[in-house]
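Structural description and commentary
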Amino acid sequence: MKIETVYVPTDHYIDGKRVSGSASFEVRTPIDNSVLGTCAGGNKDLIDRAVEAARAAFHTWGKASAVARGVVLRRFAQRIRANKAALSIVESTDNGGLRHAIAAHMIERSAQNIEFFAARAEHIGGEVVPGSTNTDIVTYEPAGVAALITPWNGPLMLSTWKLGPALAAGNTVVLKPPELAPLSCGLLASLAEEAGVPPGVLNVVHGDGTVTGQALADHPGISRISFTGSPQTGRKVATAAAANLVPVSLELGGKSPFVVFSSADLDAAAATAARQYFNAGQVCLAGTRILAERSIAQSLLEKIREKVGAMRIGDPRDESTSIGPLISARQFERVKGFVDRARAQGAEVLFGGRQHSAGELYFEPTLLAPVSQKSEIVQNEVFGPVLTWQTFDEEAEAITLANDTTFGLAAVIFTGDPAQAERVGKAIVAGTVWVNSFFVRNLAAPFSGFRLSGVGVEGGNRSFDFYCNVKNLSIDNASFQRGASSGPGRPH
Ligand SMILES: NC(=O)C1=CN([C@@H]2O[C@H](COP(=O)(O)OP(=O)(O)OC[C@H]3O[C@@H](n4cnc5c(N)ncnc54)[C@H](O)[C@@H]3O)[C@@H](O)[C@H]2O)C=CC1
Ligand SMILES: O=C(O)/C=C/C=C(\O)C(=O)O
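What you see as residue numbers is a count from 1 along each chain, following the sequence as written. Chain letters start at A and ligand numbers start at 1, both assigned in the order the entries are written. Predicted model: local features are reported for residues with pLDDT of at least 70 only, side-chain atom pairs are reported and counted for 80 or more only, and whole-chain, interface and lining totals are derived from all residues. The basis for the side-chain values is all heavy atoms of the structure; hydrogens and waters are excluded.

As a reminder, the rule being used: UniProt positions are given in the numbering used here, feature names are shortened, and annotations may be inferred rather than shown by experiment.
An unreviewed UniProt entry annotates the chain as Aldehyde dehydrogenase family protein originating from Bradyrhizobium septentrionale. For the chain, the Sequence similarities (unreviewed entry) comment in UniProt is given as "Belongs to the aldehyde dehydrogenase family."

Structure representation (structure tokens):
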């Protein structure tokens, strides 16, 4: 398939070869909802082939030194950077993300995802735990074949976030990209090949989640499953992992609070609130529930209205666009359904609330109030450009509202009071709490979701705890002491 001047392979990539599909599926661009072409679909047989290739490649890749793997992976990261223009136009066309934002942030982050873990793996090192009778030597061994399953809202960034640590630690992988935006991961496989990633180390099998994704999650030859997507699918993946007793890492949805206290820099808070509409709100980390202290609420609302009013909605390939389309007609209907039901329950539209004239899949950035805490619009993830607006009088009330959710992925706090930042940050139940900032990602820091937002922790060395078998070699201290006169295996 060709996207502008870029040739994009749409076959599977198994054992270093392009492989035709057992079926094919349509790929559409959300820009105008037109069909771009078809992509190979996968089935159980293709998953079997990919897992077999990955298992064979594990014998060499898993035994190579982290330094040797690092040489190849750093070249892979460089190929990603060098292909920024191609990757960003392909992903933008495929998933409707902003081309300039993908080029400026996502590609660099994708390269860093690979590079960071390549460097980190060279220093995993292990630990020595001295004990009175035994000395424990802790080593990290690659687990085997990792199944990686990723969503459409950030295919490159979220796939490389898994590929980096899995490959750097010595695992081989089978990646199942999102069927709604499979193209950039197809291109990624070619870049891995150009970088010298050996055949079988990185395999890509496209296809529908319920067929290809499920076959991958179910496969008994898999040693780890890392999944990013919805909680509903996360449950199915976890069930498959349980059947094979395989460790699973789940990064799921969110309904994060965005709390603004009266001491906050309101201009900064408003600018960051407007950013929650980026990617048309299809961001799991987005702070979608704005909670404003009553004394500054009106002023904050006006500032947010002004910032959002200045955002241009339209073709995501244009430099001046701030908000692009939703991923599909189904997602559009889903988002619209949430807004319609909230209105039927008494919410008013403070701004937005309907389709935008830019096209079929464009929805205006929307803010709804009043909303009751137990309503669907406050409790469920919309995954669209729809935020809710609530006010509070006391800090304790803000914390109660923030935590009254089944999710726990992220939270954003704006305050001018450092003690308050610490108090509230500690009290909020979420894997990541940003203070006076948003989406700053230090790859060495832990990344996780609490409650329905996930299972497991990745980031920094915690990623290696997941992608490795952490082994303890426990040696009797007395056995090998110099000069000892008897005992098995004593050196002379
Ligand atoms: N916590 C995080 O880091 C992130 C979470 N998300 C969440 O992802 C969701 C949106 O993404 P979607 O692609 O709609 O999610 P989804 O759960 O429908 O699909 C995610 C991936 O799982 C695959 N899949 C679907 N059914 C499967 C099955 N039975 N077995 C194995 N794989 C299967 C899909 O083909 C896709 O590749 C939102 O809930 C969002 O919050 C998205 C990005 C990041
Ligand atoms: O930064 C990460 O590793 C994950 C980010 C998740 C999103 O950007 C998203 O869901 O959109």
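1. Topic: the UniProt feature "active site" (unreviewed entry) in the chain
Here is the rule: Secondary structure elements follow DSSP: runs of H or I of four or more residues count as helices, runs of E of two or more count as strands, with numbering from the N terminus. Type-normalised accessible area, obtained with a 1.4 Å probe on protein chains alone, sets the label of each residue: buried when under 20%, exposed when over 50%, and partly exposed for intermediate values. Pairs of residues are marked as contacts when any of their non-hydrogen atoms sit within 4.5 Å.
The UniProt feature table records "active site" (unreviewed entry) at E251. Tracing the chain through its elements places E251 in strand β13 (residues 248-251). Residue classification places E251 among the buried residues on the basis of a relative accessible area of 8%. In contact with E251, not counting residues within four places along its chain, are W161, F227, T228, G229, F447, S453 and E458.

2. Let's talk about the nonpolar core
Under the convention used in this document: Take the buried residues of types Ala, Val, Leu, Ile, Met, Phe, Trp, Tyr and Cys, join any two whose side-chain atoms come within 4.5 Å, and each joined set is a nonpolar core. For the domains described, the bounds stem from an automatic or database domain assignment.
In terms of nonpolar packing, the biggest core is built from 111 residues, with F76, L300 and W389 touching the most fellow members. When residues are assigned to domains, this core turns out to be shared by domain 1 (2-252 + 453-473) and domain 2 (256-435), each giving three or more. With near-sequence residues (within four places) excluded, W389 lies in contact with I290, A292, A297, L300, L301, I304, L350, L367, L368, A369 and V371. Residues V51, V174, L216 and L252 belong to the second largest nonpolar core, which totals 25 residues.

3. Observations concerning unusual backbone geometry
With an omega of -5 degrees, the peptide bond between A369 and P370 qualifies as cis. As for its position among the elements, P370 is in the loop between β17 (366-369) and α12 (376-379). We note that D15 has phi near 55 degrees; this positive angle belongs to a residue other than glycine. Assignment of secondary structure puts D15 in the loop between β3 (12-14) and β4 (17-19).

4. Notes on helix α11 (residues 329-344)
Spelled out, the test is: By this rule the span expected of a helix is its residue count minus one, scaled by 1.5 Å.
In a regular helix each residue adds 1.5 Å, so 16 residues correspond to 22 Å; α11 covers 22 Å between its end C-alpha atoms and thus fits that length. Turning to α11, its buried residues are Q331, F332, V335, G337, F338, V339 and A342. Positive phi shows up at G346, right after α11, with a value of about 110 degrees.

5. What about the site of ligand 2?
In plain terms, the rule: Proximity criterion: a residue is near a molecule or strand once any of its heavy atoms comes within 4 Å of it. Two N or O atoms form a polar contact when they lie within 3.5 Å of each other; inside protein one atom must be a possible hydrogen donor and the other a possible acceptor, and for residues adjacent in sequence the pair counts only when both atoms belong to side chains. All accessible-area figures derive from a Shrake-Rupley calculation using a 1.4 Å probe, and residue coverage is judged against the displayed protein chains alone. Ten residue types, Ala, Val, Leu, Ile, Met, Phe, Trp, Tyr, Cys and Pro, are classed as nonpolar, four, Asp, Glu, Lys and Arg, as charged, and the remainder, Gly among them, as polar.
Close to ligand 2 lie R109, N153, M157, L158, W161, V283, C284, L285, F439, R441 and F447, which account for all nearby residues. The contact in question runs from an oxygen atom of ligand 2 to an N or O atom on the side chain of N153, over 2.9 Å. Take R441: an N or O atom from its side chain is 2.7 Å from an oxygen atom of ligand 2. Summarising the interface, the protein chains cover 97% of the accessible area of ligand 2, which totals 310 Å² for the free molecule. With three residues, the top contributor of residues to the shell around ligand 2 is helix α5 (residues 155-168). When its residues are assigned to classes, the shell around ligand 2 shows eight nonpolar, one polar and two charged. Two domains each put at least three residues into the shell around ligand 2: domain 1 (2-252 + 453-473) and domain 2 (256-435).

6. Describing the site of ligand 1
Neighbouring ligand 1 are 29 residues; K176, E179, S230, L252 and E381 lie closest to it. Taking S230, its side chain carries an N or O atom lying 2.7 Å from an oxygen atom of ligand 1. Within the contact set of ligand 1, a nitrogen atom lies 2.5 Å away from a backbone nitrogen or oxygen of L252. When ligand 1 is considered free in solution it has 850 Å² of accessible area, and contact with the protein chains removes 91% of it. Of all the secondary-structure elements, those providing two or more residues to the shell around ligand 1 are α7 (209-218), β12 (224-228) and α8 (231-244). Looking at the shell around ligand 1, the element that brings in the most residues is α7, giving four residues. When grouped by side-chain class, the residues that make up the shell around ligand 1 number 13 nonpolar, 11 polar and five charged.

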